[in-house]
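# Observations on chain architecture
Given next are the chains, with one letter for each unit.
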Amino acid sequence: MTYLAKPKLLRYEQPKNALGYTRRDYEGAISTLCAGCGHDSISAAVVQAAFDLDIEPHKVAKLSGIGCSSKTPDYFLGASHGFNTTHGRMPSVLTGAAMANRDLLYLGVSGDGDSASIGIGQFAHAMRRGVNMAYLVENNGVYGLTKGQFSATTDKGSKNKRGVVNNDSPIDLAALALQLGATYVARSFSGDKEQLVPLIKGAMRHRGPAIIDVISPCVTFNNHPGSTKSYDYVREHNDAVNRLDFVLPRDKITTSYAPGTARRVVQHDGSVLMLRKLGTDYDPTDRVGAMNYLQERSAMGEIVTGLIYVNPESGDLHTALNTVEKRDQVEHHLRILDRLAACRPSAARRRGGCRRIGRAAAHDAGDQRAARCPAGRRIRPVPA
Amino acid sequence: MGRLAPLRSRQGHERADLDSGKTFGRYLDVDGDGIPWRTIPGTHPTKGAFFSRGTTRNAYAKYSEAGTDYVYNMERLRRKFETAKKLVPAPVLRKAAQPTRFGAIYYGSTSHAMSEAAALLKDKGVHVDLLRVRAFPFADEVTQFIDEHDVVFVVEQNESGQLRMLLLTEGDCDPKKLVKVLHYDGTPITAGFISGRIASAVDENKVSPIRKVAS
């Protein structure tokens, strides 16, 4: 039904954010997923988070792989740039885009098949390299597009729709991301928007690899008794370690927290993560503790949700590679490349233009040391 | 062609173009070269954003399963390849000292051995025109070269004759015309090997006059 356009009628006086956008401005095309699909709830959560954070839609790049999950970027942020890559290759394409243009907010959307099977290598290296991105895994434990085969995140002992039991061990993407060096690791449930929206906000404002493993039941192929990814099962076994309140740097914390009931984590941009404790005295900044906790609860059949780990002092790939940050610096270097590209070695040698262009480029660079043009000829410095 | 403004001012140009109402479609062939224009992400707040995806979309990068859109995409890609032929490095032609009906096509690391082999063959009185291909898709000169010769030796260093297969599919030429000269024993190809193979093939191509026996 993709040919159906969304109705243009707007509810009178829809709330607007600081940029003057309504929530509708952050929506996309009409979803073609099954009615009740958890993925649509995640799309709605992304819309809500982007609206609340006053994100300019054209400053967002949303990239995905293949699968039901990877279709969803079409259903939110319609005014953003998108790239539906090949199966499991989203992290690589996103890494390249992020290296070329650091001014955008990178949203990686993937599924359990796309990230835990086909693209597990890509997933692993994006995490360990520290690509600055918010990585959303819409995890339903089955291959929905191909009619419900087990995926790599299906729990051992979980049954498919026909009653067949899965014998393979599951991959826990949150645990794997922790091990690989992700600096913001969360798990949530598509049926719990109150938990999911602040987690997405925190991930969007985090510097470095932020991953949210969102359990998102497949209503058609994995929502039956015996499945460990059904709405009922996840609700019954949800072990939330905390509740996150996300506060922008410009906003005041209005909620009052009783002493000892919340933990305050300030991210690099000044945004505050207020983590309300739920029962256990869980420390989300203790990486080893988080890994142990995940394993313990997993052995008990529980699904740990909430902000599992955050490193507020994290860096990213740009920090590691010491890339140029300011646009004018980038443009300055591009200008030099423009001139050097215009210097065709053979023609330039004949005209003696090699030196001329090379000198101009060296002059532009403000570099009085001798440089070399593409033909390998030494360029004499130009007096300033 | 999807010509872009100089890098430093590209973003400014784009924004001005989009504001002036110029039509933008991520897969729209504006000037007939098959290469659509692009925008730099983050340039304009309301125009110029696009969603790259596979073939199930129209010229404006919107999801579409319409047959006409698919045909448009495929035909644009064909035009794009035609444009690419003119942009990639052109083949290098070296004519033999004398007009000849023999030609040789080769590429890459075969080049030096081929030059030496041509000299050895010349000493034996076998003249061969040479064409070194440097890029794919093949420029029209490659097909023209094959058409102009009766026999073309395709010299390459693999067992299956990969360049020859590309020439057959792309050039739509007679397979009998393209003679394989393949070297694949793990060592670099030599001038002796090439000249030997070509010389023996030329000998086979020679037509012996039919003797008339007087009765």
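Our structure is the block above this text.
Here is a short report on the structure shown in this document. Along each chain, the written sequence defines residue order, and numbers are assigned to residues from 1. Chains and ligands are labelled sequentially in the order written, the chains with letters from A and the ligands with numbers from 1. pLDDT decides what is reported in this predicted model: residues at 70 or higher carry local features, side-chain atom pairs at 80 or more are listed and counted, and totals for whole chains, interfaces and linings draw on all residues regardless. Based on all heavy atoms of the structure, the side-chain values leave hydrogens and waters out of the count.

### Some remarks on the environment of Gly260(A)
Residues and elements named next belong to chain A. Strands are runs of DSSP state E lasting at least 2 residues, helices are runs of H or I lasting at least 4, and numbering of each runs from the N terminus. Considering the arrangement of structural elements, one finds glycine 260 in the loop between strand E10 (242-247) and strand E11 (262-266). Think of it in three bands: residues with accessible area under 20% of the maximum for their type are buried, residues over 50% are exposed, and the middle band is partly exposed, with areas taken using a 1.4 Å probe on protein chains only. For glycine 260, a relative accessible area of 59% corresponds to the exposed category. Glycine 260 sits 233 residues away from glutamate 27 along the chain, and the two C-alpha atoms are 39 Å apart.

### Describing the pattern of salt bridges
Residue and element names in this part refer to chain A. Within this document, salt bridges are pairs made up of a side-chain nitrogen of Lys or Arg and a carboxyl oxygen of Asp or Glu, the two lying within 4 Å of each other. A complete count under the given rule lists 19 salt bridges over all chains for this structure. The partner of aspartate 281 in a salt bridge is lysine 277, with the nearest N and O atoms 3.3 Å apart. Using a relative accessible area of 31% as the deciding quantity, one classes lysine 277 as partly exposed. Connected via shared salt-bridge partners are Asp54, Arg250 and Asp251.

### Considerations on unusual backbone geometry
In this structure, Pro137(B) follows Phe136(B) across a cis peptide bond, with omega equal to 5°. Along the chain, Pro137(B) falls in the loop between strand E4 (129-132) and helix H4 (140-148). A positive phi angle is found at Lys147(A), which is not glycine, with a value near 75°. Judged by its relative accessible area of 65%, Lys147(A) falls in the exposed class. Of note, Asn322(A) is a non-glycine position whose phi angle comes to about 55°, a positive value. Inspection of the secondary structure puts Asn322(A) in the loop between helix H10 (317-321) and helix H11 (327-341). The class for Asn322(A) is exposed, based on a relative accessible area of 67%.

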